[in-house]
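What follows is the residue order along each chain.
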Amino acid sequence: MDLTLAIETRKSIRKFKKEDVDVNQIMKIIEIASNSPSGGNSQNWFTYIIKDKDVLDGMRNEVEKVYKTLIEKEAPGVYTFFNDAPVVLAVVEKPYAGSIDNILEKTDKDRNYTRKFIVNPGLQSVSSFITHILLLCHNEGLGACWMTGPLIAKQELEDIIGVKSPDNLVALIPIGKPVERNSKTPRKNVSEIIKVI
Ligand SMILES: Cc1cc2nc3c(=O)[nH]c(=O)nc-3n(C[C@H](O)[C@H](O)[C@H](O)COP(=O)(O)O)c2cc1C
């Protein structure tokens, strides 16, 4: 698919056909997505490919449990639908600290905080990786959705998956053959997102 067309037609998919997805296809997608840019070429991403239905159901239960405890309501579907997909990626951010971070840690606590938690090059790097995974899935006729909602139960999900500190689970990506969704979500006018200086 032409790159522009892929970017313009990709959309989040939240309903999947029952059909299975070949794990080798997913591994190839991840391999290609690993060409993504990363701070200092740190490649500070790691991906769990989860296919086990019991594990996915367990993850969903934890999200529902934590949500209900904190908010005293059923968790909305947009937090919990991931276990209906035949495969779910759990994307992990590994710690990233460039030479600037090491200098700022000793010299300027405020700038160090801003760089670590606001600029956050480590998380930006993993985001570029996730973006490419979504586009590659779309290019291969697979539907996917970037999800952080379920991470209301981040610790519980990490325990189930086996993510150990200092690594951080940052997103889930359910993937499957899409049940068609016609509408595209609206976008801001380009004049609202550009200023030429
Ligand atoms: C960081 C991030 C977190 C998201 N978390 C969720 C989520 O938890 N559940 C969900 O259904 N969609 C989630 N989305 C998908 C957005 O809702 C979606 O990208 C947005 O509405 C634009 O629609 P589109 O992807 O179809 O273009 C997330 C997207 C991003 C980038």
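Just so we're clear, the structure is a prediction, and the values are computed from it rather than from any experiment.

### Side note on the site of the ligand
Near the ligand, the surroundings consist of 15 residues, among which Ser12, Arg14, Val78, Gly149 and Arg187 are the closest. In this structure, an oxygen atom belonging to the ligand sits 2.8 Å away from a main-chain N or O atom of Gly149. Here an oxygen atom of the ligand and a side-chain polar atom of Arg187 are 2.7 Å apart. Expressed as a share of its isolated accessible area of 620 Å², the protein-covered part of the ligand is 69%. A class-by-class count of the residues in the shell around the ligand yields six nonpolar, four polar and five charged.

### Points about the pattern of salt bridges
Scanning the entire structure with this criterion turns up eleven salt bridges. One salt bridge in this structure joins Glu19 and Lys177, with 3.2 Å as the shortest N-O distance. Note that Glu19 is positioned in the loop between helix 1 (3–9) and helix 2 (23–33) and Lys177 in the segment after strand 4 (168–176), a separation of 158 residues in sequence. Of the residues examined, Glu19 reaches a relative accessible area of 42% and is grouped as partly exposed. One salt bridge in this structure joins Asp57 and Lys53, with 3.1 Å as the shortest N-O distance. Here Asp57 and its partner Lys53 are both found in helix 3 (residues 53–71), four residues apart, which amounts to about one turn of the helix. Judged by relative accessible area, which is 26%, Asp57 ranks as partly exposed.

Conventions we followed
- Residues numbered from 1 in each chain as written.
- Predicted model: local features only at pLDDT ≥ 70, side-chain atom pairs only at ≥ 80, totals over all residues.
- Heavy atoms only, no water.
- Near = heavy atom within 4 Å.
- Polar contact = N/O pair within 3.5 Å; in protein donor to acceptor, adjacent residues only side chain to side chain.
- Areas by Shrake-Rupley, 256 points an atom, 1.4 Å probe, with all protein chains shown as cover.
- Nonpolar A, V, L, I, M, F, W, Y, C, P; charged D, E, K, R; others polar.
- Salt bridge = Lys/Arg side-chain N within 4 Å of Asp/Glu carboxyl O.
- Helix = DSSP H or I, 4+ residues; strand = E, 2+ residues; numbered from the N terminus.
- Buried < 20%, exposed > 50% of the residue type's maximum accessible area, 1.4 Å probe, protein only.

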